[in-house]
Amino acid sequence: MTAAGTSSCAKSGTWSGNRPTKSSWTRRNHVAGAALVPREHLMREAIVVSRGEGLHQWSSDELRTLAQQYGVSREVVLRRLLSLNRTMPEYYGAKRAEF
């Protein structure tokens, strides 16, 4: 807390009132994905290997399977796939709206 009683997060714009903003959730999912779904492990998953290189659209079942395996949300898995260039930003955005 600062002397004025507001947190530095509130001043930095990452919080809106008491709730995180959409962009802070995106950053959190990126960090969670990197920590909880290591690249080396994800890239060896049968589902990912079977797709090969390149950008793909992932089914809800595929995302659910991977999410359950790592104990994270489907959005975290999809965000991780996006950060590893395995899906398109437009697809990530469309699926994220479904979650």
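Please read these numbers as outputs of a predicted model, since none were measured by experiment.

This part takes up the overall build of the chain. For the chain, the count of helices and strands is 7 helices and 2 strands. Counting from the amino terminus, helix and strand elements in the chain follow one another as α-β-β-α-α-α-α-α-α. By the burial criterion, 35% of the 99 residues in the chain qualify as buried. For the chain, restricting intrachain contacts to residue pairs at least 6 apart in sequence, the fraction spanning at least 24 positions comes to 55%. Accessible surface computed for the chain: about 6100 Å², of which carbon and sulfur atoms make up 52%.

Quick look at the packing of aromatic side chains now. Considering all chains together, one arrives at 0 aromatic pairs under this definition. Stacked on the ring of Trp58, the Lys or Arg Arg51 has its end atom at 4.6 Å from the ring centre. The ring of Tyr92 carries Arg79 above its face, with NZ or CZ at 5.8 Å from the centroid.

Our next topic: the nonpolar core. By size, the foremost hydrophobic cluster in this structure holds 20 residues, and its most contacted members are Leu42, Val48, Trp58, Val77, Leu78 and Leu81. Of all the elements in the fold, those that place two or more residues in this core are α4 (46-51), α5 (60-70), α6 (74-83) and α7 (89-98). Among the elements that make up this core, the one with the highest residue count is α6 (5 residues). Beyond its immediate sequence surroundings of up to four residues, Val77 is in contact with Leu63, Leu66, Ala67 and Val72.

Attention now goes to α6. Most of α6 sits out of view: 8 of its 10 residues are buried. Every buried residue belonging to α6 is among Glu75, Val76, Val77, Leu78, Arg79, Arg80, Leu81 and Leu82, and all of these are buried. In the segment just after α6, Asn85 is the residue with positive phi, at about 60 degrees.

Next up on the list: the confidence of the model for the chain. On average, residues of the chain score 83 in pLDDT, and 79% of them are at 70 or above. The model gives residues 1-15 a pLDDT under 50, and that stretch makes 16 contacts with residues more than four places away or in other chains.

Time to look at the pattern of salt bridges. The full count for this structure, using the stated rule, is 5 salt bridges. For Glu53, the salt bridge goes to Arg86, with nearest N and O atoms at 3.3 Å. Of the two residues, Glu53 is situated in the loop between α4 and α5 and Arg86 in the loop between α6 and α7; the sequence distance between them amounts to 33 residues. Measuring nitrogen to oxygen at the nearest pair gives 2.5 Å for the salt bridge that ties Glu75 to Arg96. With a gap of 21 residues between them, Glu75 in helix α6 and Arg96 in helix α7 connect regions that are remote in the sequence.

Calculation notes
Residues numbered from 1 in each chain as written. Predicted model: local features only at pLDDT ≥ 70, side-chain atom pairs only at ≥ 80, totals over all residues. Heavy atoms only, no water. Helix = DSSP H or I, 4+ residues; strand = E, 2+ residues; numbered from the N terminus. Buried < 20%, exposed > 50% of the residue type's maximum accessible area, 1.4 Å probe, protein only. Contact = heavy atoms within 4.5 Å. Areas by Shrake-Rupley, 256 points an atom, 1.4 Å probe, with all protein chains shown as cover. Phe/Tyr/Trp six-rings, centres within 6.5 Å; stacked < 30°, edge-to-face > 60°. Lys NZ or Arg CZ within 6 Å of the ring centre and 35° of its normal. Core = buried A, V, L, I, M, F, W, Y, C linked by side-chain atoms within 4.5 Å. pLDDT = per-residue confidence, 0-100. Salt bridge = Lys/Arg side-chain N within 4 Å of Asp/Glu carboxyl O.

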